[in-house]
Structures are given as C-alpha cells and as structure tokens.
Amino acid sequence: MDFKQLLTQAQNDLKQVSCEAELESWRIKYLGRKSGLASFFKTLKDLSDELKKRQGQQANEVRQQLQEWYQKASQQFSNSSTVSILDYTRPGKKITQGHLHPLTLSLRKIIKSFEKLGFLVVEGPEIETEYYHFDALRIFPDHPARDMWNTFWLDSKNKTPSARKTKKDEEKLLLRAHTSPVQIRYMEQHIPPLRIISPGRCFRYEATDATHNFQFYQVEGLMVDEHITLAGFKSLITMALKSILGDNILLRFRPSYFPFVTPGIEVDVKIAGKWIELLGAGMVHPDLFKVVGYENNKWQGFAFGLGVERFAMLNFKVDDIRLFYSSDVRFLEQF
Ligand code: DAH
C-alpha cells in the first residue's frame, strides 16, 4: 500500500472539507471500517513477519497522522461560527408568536370607537385621594352612596374615612374604585369645550364570582360644551356602542342614580333575550363645575363609565370574568 499517496490524498481532501458533515464523510473514507487503511490492516496477517512488522508500524503512523488531522479539524468546527454547523436540511422549528390579551383587544376596540368620535385619551392615577375619588364627585363621608364603591383604603395617616377634616386632604389615599375622579382632575386643568375618555384599572374590596373581580378596567367618558343635551349623549353613545358591539344591537336607557350626575341613567343591551347592563351615565352635576371653578351656568356636559370586562365577555362569549386574570394559556391561546 502506498502510504505516502494515501496521506497526500487525505490531506488534499481535508482542504475541501467545509462543514462537520463533510468532515464526517472524510473520517469514514479514511478512518472508517471500510477505509483502505482498515482493509490493509486486515491483510497484514498474510504477510511475512518482517514485512508485517515494518508495514504494520508504517500503517500505524499513518493512522495516527490521520486521526490527528481529524481531531484538529473537528475542533476547528466546534470553535467556529454556527454558520458552518448549520444543517440546512433539518426541518424548521416552529416559532410561537405572542399576541394581545383579550382585555387589551377589547380596550383598544373601545378606545378606537371613541377616538373616531373626537375623544382624547387621558389617564389618571390608580392611587387616588379621598377628595378626587369621593368628595369632589359629591360622594360625601357617611353618605350611603359611598357603599356603592367598596374601597381599598391605603394605610395613610388618617385611618377612618369619615375622620377626614380638610377639603383637599392629600393624606387619605385609596386604590380607585372607579375612573370618575379623572373627570375632576381633567376639568381642573382644562377649560371646555372638552371631550375625553380615560381608560384605566380599578379595584374594589369584594368577593369574586363569575361577574365580579377585585380588579377590573373602566373607561370613563366626559364631554363638556355649551348646549350639550341628554339626547346628544343618547345618539353619540348609540353610535359608539354600535361600532363596538355591532350594528344590530338593541339598547335601553333607564333612570338610575349616581351622585355626580343629574339625571343619572344606565344603558343596557339586549343579548339572547336578556337585558345586560353596559354602563352608567348622566348629565354632569352642576356642583362638579363649581368645584373645578368653571363659570356659573355656562357649561353642560355628559359623563359615562363603562366596564371593559363586560364588553370583552360579550365580544368573546366568555362567561367568567376571572378567566381574564387567570394567566391560563389554554384560555389565552384562543384569542
Ligand atoms: N363611576 C361609576 C361606577 O363606577 C360609573 C359611572 C356612572 C360613571 C355614571 C359616570 C357616570 O361617569 O356619569 O359605578
């Protein structure tokens, strides 16, 4: 066997090797069980003792040399960039793509439909003062209306709600139970005409069930101008609700009570033969205009507050509000 030629050929071949797969072919060709070298070792026993010794030794040296080259080359591949070890023939790995949460989808739909009607999106704080959350909205201490908002009070200086003495007592803090305080905050800073919605998270101290959670999203709405009427509100909210829930919906407006509006109303939608409450609303109480320092008898406005989960449940036919907060991917993957 011409060992010299074998080595030259092996070396030349190795120069052509450009990936791990090719190196493996090279190894099989020169060092594998069916290689020339391996066959040579098998014929060794037929040779005379002297030849056996000489050629056997040579063959061993050749094998060592080949193994050395192989090791070096394979080391090079494992150190070098991934490009050279990419196997383009392997089937691709499926990439799972993220998506928006159903509540985000519903919230965006609601916001968009009001933006189309010229409403500006503004935000208020999740931690509120007793003043903005209650008093400025005519929900006075010790008045039963406060029971409508089961409130998480924060551990601040004055512990009992009714112990508050000064008007804008910044010390009494709470987790907001509705987004209505944004009305006051915004009007304090802006002169009408104004048209805003304010989406945000609210918290209530209550037991959870299929339709109640201790946290939820609301979208507050407020429009103030001269000559604003309840009829105007009716037509505007009908337009908005149709663009959110579909053109064929049936709405019902019925009287209700909220301290910060007069008159107060609630809007229901008829779904599968049942009336479902969608939002509270009304004409802004004149006291609120007084509280923010507006000129007397100049402005009228309407306000409304809707629960985002209610819309998401209707839109996606979900029957338990808690699912939105469960982080269960089997649920979330459906949207
Ligand atoms: N803030 C009320 C609630 O959480 C909802 C509401 C009712 C908002 C009437 C309004 C309104 O702006 O006019 O129950």
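Our structure is the block above this text.
First things first, this report covers the structure right here in the doc. (Residues numbered from 1 in each chain as written. Predicted model: local features only at pLDDT ≥ 70, side-chain atom pairs only at ≥ 80, totals over all residues. Heavy atoms only, no water.)

### Brief notes about the overall build of the chain
- When helices and strands are tallied, the chain shows eleven helices and ten strands.
- Computed over its C-alpha atoms, the radius of gyration of the chain comes to 39 Å, more than 25% above the 20 Å expected for a compact globule of 335 residues.
- C-alpha atoms of the chain, sized along the principal axes, occupy 120 × 50 × 40 Å.
- The 335 residues of the chain split such that 41% are buried. (Helix = DSSP H or I, 4+ residues; strand = E, 2+ residues; numbered from the N terminus. Rg over C-alpha atoms; globule rule 2.2 N^0.38 Å. Buried < 20%, exposed > 50% of the residue type's maximum accessible area, 1.4 Å probe, protein only.)

### Details of the side chain of Glu 220
- Mapped onto the elements, Glu 220 comes out in strand β6 (residues 215–225).
- The buried charged residue Glu 220 lacks any salt bridge, with Arg 176 as its nearest oppositely charged partner at 8.4 Å.
- Looking at Glu 220, its side chain comes within polar contact range of the side chain of Ser 180, at 2.9 Å.
- Excluding residues that lie within four positions of it along the chain, Glu 220 makes contacts with Thr 179, Ser 180, Gln 183, Ile 196, Ile 197, Ser 198, Phe 304 and Gly 305. (Lys, Arg positive; Asp, Glu negative; His and termini not counted. Salt bridge = Lys/Arg side-chain N within 4 Å of Asp/Glu carboxyl O. Polar contact = N/O pair within 3.5 Å; in protein donor to acceptor, adjacent residues only side chain to side chain. Contact = heavy atoms within 4.5 Å.)

### Concerning the packing of aromatic side chains
- Counting across every chain of the model gives 18 aromatic pairs.
- Seen in terms of ring centroids, Phe 324 and Phe 331 are 5.9 Å apart; in terms of plane orientation they differ by 70°. Their pairing is edge-to-face. Comparing Phe 324 with Phe 331 shows no difference in burial state: the two are buried.
- Seen from their ring centres, Phe 331 and Phe 335 are 5.0 Å apart, and the 65° between their planes marks the pair as edge-to-face.
- For Phe 331, a relative accessible area of 9% translates into the label buried.
- Each residue in the set Phe 114, Phe 119, Phe 233, Phe 302 and Phe 304 is aromatic and connected to the rest through ring pairs, giving one cluster.
- If you follow Arg 185 out to its NZ or CZ, it ends over the ring of Tyr 132, 4.0 Å from the centre.
- Between Lys 234 and the ring centre of Phe 253, over which it is positioned, the NZ or CZ distance is 5.2 Å. (Phe/Tyr/Trp six-rings, centres within 6.5 Å; stacked < 30°, edge-to-face > 60°. Lys NZ or Arg CZ within 6 Å of the ring centre and 35° of its normal.)

### A closer look at a nonpolar patch on the surface
- On the surface, a cluster of nonpolar side chains totalling about 210 Å² of accessible area is made up of Leu 100, Leu 105 and Phe 316.
- Here Leu 100 lies in the loop between α4 (49–79) and α5 (102–115). (Patch = residues over 30% accessible without salt bridge, like charges linked within 9 Å, V, L, I, M, F, W, Y side chains within 5 Å. Areas by Shrake-Rupley, 256 points an atom, 1.4 Å probe, with all protein chains shown as cover.)

### Thoughts on the layout of surface pockets
- For the largest pocket, the calculated volume is near 750 Å³.
- Along the walls of the largest pocket sit 35 residues, with Arg 204, Phe 216, Gln 218, Glu 277 and Gly 307 positioned nearest its centre.
- For the lining of the largest pocket, the secondary structure elements donating two or more residues are β6, β8 (261–271), β9 (274–284), β10 (300–307) and α10 (308–316).
- When residues of the lining of the largest pocket are assigned to their parent elements, the largest contribution, six residues, is made by β9.
- Of the residues contributing to the lining of the largest pocket, the split by class is 16 nonpolar, twelve polar and seven charged.
- Here the second largest pocket defines a volume of roughly 160 Å³.
- Residue lining of the second largest pocket: Thr 211, Ile 271, Ala 272, Lys 274, Ile 276, Arg 310, Met 313, Leu 314 and Val 318, and that is the complete set.
- Counting only elements with at least two residues in the lining of the second largest pocket, the list comes to β9 and α10. (1 Å grid on protein atoms, 1.4 Å probe; cavity = no way out; pocket = protein on both sides within 12 Å on 5 of 7 lines; lining within 4 Å. Points joined across faces, edges and corners; volume = space filled by probe spheres on them. Nonpolar A, V, L, I, M, F, W, Y, C, P; charged D, E, K, R; others polar.)

### A closer look at the site of the ligand
- Among the 16 residues in the neighbourhood of the ligand, the closest are listed as His 178, Ser 180, Arg 204, Gln 218 and Glu 220.
- Within the side chain of Gln 183, one N or O atom sits 3.1 Å away from an oxygen atom of the ligand.
- Considering the ligand on its own, with 350 Å² of exposed area, one finds that the protein chains cover 93% of that surface.
- With respect to the pocket detection grid, the ligand is positioned in the largest pocket.
- Elements with a contribution of two residues or more to the shell around the ligand: β6, β9 and β10.
- Residue composition of the shell around the ligand, grouped by class: seven nonpolar, seven polar and two charged. (Near = heavy atom within 4 Å. Sits in = over half its atoms within 2 Å of the grid points.)

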